Amino acid sequence: MRTRIVAGNWKMNKTFKEAEKLITEIADALDDIPLDNKEVILCPPYLYLEMAADVAEEANFSVGAQNCYPADCGAYTGETSPVMLQSLHVDYCIIGHSERRKYFNESHEFLARKTDALLKHGICPIFCCGEVLPEREAGNHFDVVKKQLTESLFHLSEEEIGNIVIAYEPVWAIGTGVNATPGQAQEMHAYIRQLVAEKYSPGTAENITILYGGSCNAKNADELFSQKDVDGGLIGGASLKAEDFISIVTSL
Ligand code: 13P
């Protein structure tokens, strides 16, 4: 059965004290929400992962990182390895976010290596894909997403792909206040699931979790999450306020 997920990608926001407050508020609110087969993941900046993981021990959320480097250890100044994340009980890691593709020139091949490195250490990659506006306007959005998945994920075995979460984040919807319509999200999610079915099997495709990201908020989450192939959301701006984030969780 598919796990439904709401994950908060805090990006580069919050001081330590602010982060502590937000995490505590979210943890307290989650105590009163039955989650069943649903999962809440908080992805704060690296510096706050240990604190988040400590709170998570007694709370109903998991912790994710926003990035990693694909090596166990070594001379990679400023980088953080999956081994280190694992040692802090970090269970998820976002990779392939469009901001990292854009500002840090991350290639499909590099993301394939990150995927392998995370799986090797039992951390679930949350793999982001999505097109920029000119690609959608040119009608190339399906091809763009297909290439991203094919070149970074489709070398995996069927068992391995079963341990991946995919997040469809159309770049034109990120931080813009303009979300994909529920119809646009459903169409792309169904396409992604179809690609997984063709490459692996219908059963594996049925079980894979596909999140929507891009201006998802307390107002539109209900409608987006009610789409057949939308299994939850990867939330940016609206994950920075406990009230908004919790409201999104209740839409799951
Ligand atoms: P916003 O929700 O701020 O549009 O960001 C989405 C995102 O990039 C999540 O990874």
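Residues numbered from 1 in each chain as written. Predicted model: local features only at pLDDT ≥ 70, side-chain atom pairs only at ≥ 80, totals over all residues. Heavy atoms only, no water.

Colleague: Looking at this structure, how should I read unusual backbone geometry?
Modeller: If a residue is not glycine, its phi is most likely negative; likewise, a peptide bond is most likely trans. The phi dihedral of Asp36 is positive, around 45°, even though this residue is not glycine. Among the secondary structure elements, Asp36 is positioned in the loop between α1 (16-30) and β2 (38-43). Positive phi values are uncommon outside glycine, yet Ser215 reaches one of about 55°. Judged by relative accessible area, Ser215 falls into the buried class, the value being 17%. (Helix = DSSP H or I, 4+ residues; strand = E, 2+ residues; numbered from the N terminus. Buried < 20%, exposed > 50% of the residue type's maximum accessible area, 1.4 Å probe, protein only.)

Colleague: Would you take a moment to explain helix α12 (residues 242-250) for this structure?
Modeller: Spacing of three or four residues puts side chains on the same side of an α-helix, whose turn is 3.6 residues. Residues of α12 that are buried include every one of Ala242, Phe245, Ile246, Ile248 and Val249, and no others. Buried positions in α12, seen along its axis, are confined to an arc of 155° and lie on one side of it. More than 90 degrees from the buried face of α12, the exposed residues found are Glu243 and Thr250. Elements that come into contact with the buried residues of α12 comprise β1 (4-9), α1, β2, α11 (221-225) and β8 (232-235). (Arc of directions from axis to C-beta. Contact = heavy atoms within 4.5 Å.)

Colleague: Hey, could you run me through the pattern of salt bridges in this one?
Modeller: Opposite charge on two side chains makes pairing possible when the charged atoms of those side chains draw close. All chains considered together, the criterion is met by 12 salt bridges. Between Asp231 and Arg2 there is a salt bridge, with the nearest N and O atoms lying 2.8 Å from each other. Within this pair, whereas Asp231 is found in the loop between α11 and β8, its partner Arg2 is found in the segment before β1, the two being separated by 229 residues in sequence. Arg2 matches Asp231 in its accessibility class, with the two residues each being buried. Two residues, Asp231 and Arg193, come together in a salt bridge whose shortest N-O distance is 2.9 Å. In this pair, Asp231 is assigned in the loop between α11 and β8 and Arg193 in helix α9 (residues 182-199), connecting sequence segments 38 residues apart. (Salt bridge = Lys/Arg side-chain N within 4 Å of Asp/Glu carboxyl O.)

Colleague: In this structure, what is going on with helix α2 (residues 49-56)? I would like to understand it.
Modeller: Within the sequence span of α2, burial applies to Leu49, Met51, Ala52, Ala53 and Ala56. The elements touched by buried residues of α2 are α1, β3 (62-65) and α3 (82-87).

Colleague: I would appreciate a short explanation of the packing of helix α7 (residues 141-152) against α9 in the present structure.
Modeller: To describe two helices that pack against each other, one gives the angle between their axes and the distance between the axes. The interhelical angle for the contact between α7 and α9, taken along N-to-C directions, is 40°, at an axis separation of 11 Å. Between α7 and α9, the angle is such that the two are oblique. Handedness of the α7/α9 crossing: right-handed. Within the contact between the two elements, α7 uses His141, Phe142, Val145, Lys146 and Leu149 and α9 uses Glu187, Met188, Tyr191, Ile192 and Leu195. Taken together, the residues of the contact of α7 with α9 break down into 7 nonpolar, 1 polar and 2 charged. (Axes fitted to C-alpha atoms, helices over the stretch in contact; angles between N-to-C directions. Parallel < 35°, antiparallel > 145°, perpendicular 65-115°, else oblique. Left-handed = near helix turned anticlockwise from the far one by under 90°. Nonpolar A, V, L, I, M, F, W, Y, C, P; charged D, E, K, R; others polar.)

Colleague: Help me out: how do you make sense of the pairing of β2 in this one?
Modeller: Sheet faces and side chains relate simply in a regular strand, where the side chains alternate between the two faces. With 6 bridges connecting them, β1 and β2 associate as parallel partners. Directly across from Arg4, in β2, lies its bridge partner Lys38. Remark: the β1/α1/β2 crossover connection has right-handed handedness. Sheet topology places β2 next to β3; 2 bridges connect them, and they run parallel. The residue of β3 that forms the bridge with Leu42 is Val63. Remark: the β2/α2/β3 crossover connection has right-handed handedness. (Pairing = 2+ DSSP bridges. Right-handed = clockwise from strand over helix to strand, strands pointing away.)

Colleague: Honestly, the packing of aromatic side chains in this entry has me stumped. Any pointers?
Modeller: One pair of aromatic rings is described through two measures. These are the centre distance and the angle between the planes. One pass over the full model with this rule turns up 6 aromatic pairs. Geometrically, the ring pair formed by Phe16 and Tyr48 is edge-to-face, given 5.7 Å between the ring centres and 70° between the ring planes. Of the two residues, Phe16 is situated in helix α1 and Tyr48 in the loop between β2 and α2; the sequence distance between them amounts to 32 residues. Here the aromatic residues Tyr69, Tyr76 and Phe110 are joined through ring pairs into a cluster of three or more. Directly above the ring of Phe104 sits Arg100, whose terminal nitrogen or CZ lies 4.1 Å from the centroid. (Phe/Tyr/Trp six-rings, centres within 6.5 Å; stacked < 30°, edge-to-face > 60°. Lys NZ or Arg CZ within 6 Å of the ring centre and 35° of its normal.)

Colleague: Just to check I follow, could you spell out a negative patch on the surface for this structure?
Modeller: On the surface, Glu50, Asp54, Glu57 and Glu58 cluster together to form a negatively charged patch. Summarising the element assignment, Glu58 is placed in the loop between α2 and β3. The class for Glu58 is exposed, based on a relative accessible area of 71%. (Patch = residues over 30% accessible without salt bridge, like charges linked within 9 Å, V, L, I, M, F, W, Y side chains within 5 Å. Areas by Shrake-Rupley, 256 points an atom, 1.4 Å probe, with all protein chains shown as cover. Lys, Arg positive; Asp, Glu negative; His and termini not counted. Charge placed at Lys NZ, Arg CZ, Asp CG, Glu CD.)

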